[in-house]
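Here's the letter readout for the chains.
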Amino acid sequence: LNMLGGGSAKSKLIAQPYTLFLIKPRLVINEAKKKEILDLLDQNEFDIFQTIQKLLTRQEILNLYYKFRNTKFFEQIEEYLQSGESLVMLLVNRKEERYDEDKEEYVRMEDPISRLKQLLGDKNPQLAEEGTLRKTYGLDLLQNGFFSSDNPRDANRERDIFGLPMPEKIPDFHYERNKILLEDLMKFLFPVHLEHSNTTGRLDIFAMYGPIVNYHSVDSCF
């Protein structure tokens, strides 16, 4: 499973959609089951951007389950999550497109929050569909195995609880070589109305931005 976080350069990075994913103590302590779950994430084309395995503090549990803080079963949630270490992850999509066999074309990949929800299944393992993670590994509502973000706003808040960095990546660049003719490049480097054009500067611009469109006059720069 790819690990994407780290000390990469921060120039011109773009934010990636992500979801927080937490594997609860009963499964984390079982190395075989933990590996099975990580393998399933890999098979479903999730990448782990950041991960941390730790015993959750009471404040972290309170922040994570703040919607249930006034319920009679919050103490049970707290007691269970402090019974052992949890594995906390930020998951991102491995790729932006997938092949749709019905449409026979590539379509945009669903966001990681929705995709992970589908993989997890219903919060109640008894109601979850066969093949989902909660159906396979969950016991009941309390020990259903996992926690995940419900929406992007919650994902951002939950990421902050654990001090994890924002998932970012280098933009994908696509170059279609057949669209640029050598004749057009030479005209751009050596325009007929300029006796001494700055070819080096023009070539730098061409390398960074591709062909200059008609509405932008690079002649005013060089």
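Residues numbered from 1 in each chain as written. Predicted model: local features only at pLDDT ≥ 70, side-chain atom pairs only at ≥ 80, totals over all residues. Heavy atoms only, no water.

## Comments concerning the overall build of the chain
Worth spelling out the cut-off: Secondary structure follows DSSP: runs of H or I at least 4 residues long count as helices, runs of E at least 2 residues long count as strands, and numbering of each begins at the N terminus. Whether a residue is buried, partly exposed or exposed follows from its accessible area with a 1.4 Å probe, protein chains only, as a fraction of its type maximum: under 20%, in between, or over 50%, in that order. Whether two residues are in contact is decided by their heavy atoms: any pair within 4.5 Å suffices. All accessibility values rest on the Shrake-Rupley procedure with a 1.4 Å probe; residue burial counts only the protein chains present in the view.
Of the regular secondary structure elements, the chain holds nine helices and eight strands. Every one of the 222 residues in the chain was classed for burial, and the buried ones make up 37%. Considering only residue pairs separated by 6 or more positions, the chain has 69% of its internal contacts joining residues 24 or more positions apart. When the accessible area of the chain is evaluated, it comes to approximately 14400 Å², of which 51% is carbon and sulfur surface.

## Overview of the sheet that holds strand S7 (residues 146-148)
Hydrogen bonds between backbone groups are what pair the strands of a sheet, and the pairing can be parallel or antiparallel. Heads up, the rule is: Any two strands with at least two DSSP bridges between them are considered paired. Angles here are taken between N-to-C directions and fall from 0 to 180 degrees, while the axes themselves are lines fitted to C-alpha atoms, restricted in helices to the stretch in contact.
An order of S3-S4-S2-S7 is seen for the four strands of this open sheet, with the pairing classed as antiparallel. The open sheet has two edge strands, strand S3 (46-54) and S7, and neither has a second partner. Taking each pair of neighbouring strands and ignoring which way they run, the sheet shows an average axis angle of 20 degrees. Pairing analysis gives five bridges linking strand S2 (residues 19-23) to strand S4 (residues 86-93), with the strands arranged antiparallel. Paired with Phe21 across the strands is Met89, a residue of S4. Sitting on the sheet, helix H5 (residues 112-120) touches S2, S3, S4 and S7, and the angle it makes with S2 is about 30 degrees.

## Considerations on the packing of aromatic side chains
We apply this condition: Any two rings among Phe, Tyr and Trp, with Trp reduced to its six-membered ring, count as a pair given centres within 6.5 Å; such a pair is stacked if its planes are under 30 degrees apart, edge-to-face if over 60, and tilted if neither. Only when the NZ atom of a Lys or the CZ atom of an Arg is both within 6 Å of the ring centre and within 35 degrees of the ring normal do we say a charge sits over the ring.
Scanning the model with the defined rule gives six aromatic pairs in all. Seen in terms of ring centroids, Phe68 and Phe73 are 5.8 Å apart; in terms of plane orientation they differ by 45 degrees. Their pairing is tilted. For Phe73, a relative accessible area of 35% puts it in the partly exposed group. Summarising the aromatic geometry, the rings of Tyr99 and Tyr106 are spaced 5.2 Å apart at their centres and angled 70 degrees between planes, so their arrangement reads as edge-to-face. Overall, the relative accessible area of 43% leaves Tyr99 in the partly exposed class. On the basis of relative accessibility, which here comes to 57%, the residue Tyr106 falls in the exposed class. Joined through ring pairs, the aromatic side chains of Tyr65, Phe68, Phe73 and Phe147 make up one cluster. Positioned above the aromatic ring of Phe46, the side-chain terminus of Arg115 is 4.2 Å from the ring centre.

## Some thoughts on the nonpolar core
Rule in force here: Nonpolar cores are built from buried Ala, Val, Leu, Ile, Met, Phe, Trp, Tyr and Cys residues. Side-chain atoms within 4.5 Å join them into one set.
The biggest cluster of nonpolar side chains holds 21 residues, and the ones touching the most others in it are Leu64, Tyr65 and Phe162. Breaking this core down by element, the ones donating at least two residues are S2, helix H3 (58-64), helix H4 (74-81), S4 and helix H7 (152-161). If one sorts the elements of this core by residue count, H4 sits on top with four residues. Listed in part, the 17 residues of the second largest apolar core include Leu27, Ile37, Leu116 and Leu120.

## Points about the side chain of Arg134
Selection criterion: Charged residues are defined here as Lys and Arg on the positive side and Asp and Glu on the negative side; His and the ends of the chain fall outside this count. The term salt bridge refers to a pairing of a side-chain nitrogen on Lys or Arg with a carboxyl oxygen on Asp or Glu at a separation within 4 Å. Definition of a polar contact: a pair of N or O atoms within 3.5 Å, with one able to donate and the other able to accept a hydrogen when the atoms are protein atoms, and with sequence-neighbouring residues admitted only if both atoms are side-chain atoms.
Counting through the fold element by element, Arg134 comes out in helix H6 (residues 133-137). Buried within the structure, Arg134 lacks any salt-bridge partner; its nearest side chain of opposite charge belongs to Asp122, at an N-O separation of 6.9 Å. Within polar-contact distance, the side chain of Arg134 engages the backbone oxygen of Phe146 at 3.2 Å. Once residues within four sequence positions are removed from consideration, Arg134 is found in contact with Leu120, Gly121, Asp122, Lys123, Pro125, Ala128, Asn144, Phe146 and Phe147.

## Structural notes on the confidence of the model for the chain
Heads up, the rule is: Scored between 0 and 100, pLDDT is the confidence that the predictor attaches to each residue.
Per-residue pLDDT for the chain has a mean of 87; in total, 85% of the residues score no lower than 70. Overall, residues 213-222 carries pLDDT values under 50, and its contacts beyond four positions in sequence, including any with other chains, amount to eleven contacts.

## Re the pattern of salt bridges
Should the charged atoms of two oppositely charged side chains come close, the side chains can pair. The full count for this structure, using the stated rule, is 15 salt bridges. Among the salt bridges present, the one from Asp39 reaches Lys35, with a minimum N-O distance of 2.9 Å. Placement of both Asp39 and Lys35 in helix H2 (residues 31-43) is noted, with a separation of four residues, approximately one turn of the helix. For Asp39, a relative accessible area of 31% gives the class partly exposed. The shortest N-O distance in the salt bridge between Glu60 and Lys54 comes to 2.6 Å. The class for Glu60 is buried, based on a relative accessible area of 11%. Sharing partners across several salt bridges, the network here consists of Lys67, Lys117, Asp150 and Asp154.

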